[in-house]
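Residue-level structure breakdown
In case you want the letters, here they are:
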Amino acid sequence: MEQGSNANQNVPSDRWGPDGRKQYAEFEMFGVIKGEPQSREFPSGHYVARAYINYRKNKKNRDTGQWEAEYHGWDCEFWGDLGKKFVGVVIAGDALVVRGRMKVDRWEDKATGEKRSKTVLDVLEFEIVSHEADRMNRGKQFKEKRDAAQQRLEQKQETDGYPVDGDIPF
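In this report, the structure presented in the accompanying data block is examined.

1. Regarding the overall build of the chain
Secondary structure assignment for the chain yields two helices and six strands. Listing each helix as α and each strand as β along the chain from the N terminus yields β-β-β-β-α-β-β-α. By residue count, 26% of the 170 residues in the chain fall in the buried class. Once local pairs closer than 6 in sequence are excluded, the contacts in the chain between residues at least 24 apart make up 60%. For the chain, the accessible surface area stands at approximately 12,100 Å², while carbon and sulfur atoms represent 48% of it.

2. Here's the deal with helix H1 (residues 80–89)
Along H1, the residues that are buried comprise Gly 80, Leu 82, Gly 83 and Phe 86. One side of H1 carries all its buried residues, which in axial view fall inside an arc of 140°.

So, how was this worked out
Residues numbered from 1 in each chain as written. Predicted model: local features only at pLDDT ≥ 70, side-chain atom pairs only at ≥ 80, totals over all residues. Heavy atoms only, no water. Helix = DSSP H or I, 4+ residues; strand = E, 2+ residues; numbered from the N terminus. Buried < 20%, exposed > 50% of the residue type's maximum accessible area, 1.4 Å probe, protein only. Contact = heavy atoms within 4.5 Å. Areas by Shrake-Rupley, 256 points an atom, 1.4 Å probe, with all protein chains shown as cover. Arc of directions from axis to C-beta.

Below is the structure:
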């Protein structure tokens, strides 16, 4: 997995306690990037990339007995060099595994003054499982091979005297 360095916020110095144990629970998730990743560089020089990563959970409907898909996900943040690398190598639809820690962002709504909060996954590592571009390219290659095979079949049918359109002559 891609890892951050201690010089960035990717791997905080408080990750390990004096007894050698982790100071927080890590969360690992397999999912697909929904939408294009967004990034921002702050005046302080800090960099963050954000993406929504979702996963599918199949659940049997008790009323119908049919399996149905439920989609869940997390807003994820990638800080520092890890964020720059993330934005540089992924696109919407890529499947990946992310490992990080949950955190709660809190703020006050400027318009209403209400206190707001949102839970996000502060990603420490990620690994790309498959690229959407690769899947699209494989799909294109498959379509090209299928079309070529169809053309060969039609040419053979024309030379053998069989109907090209698939109609059976009886």
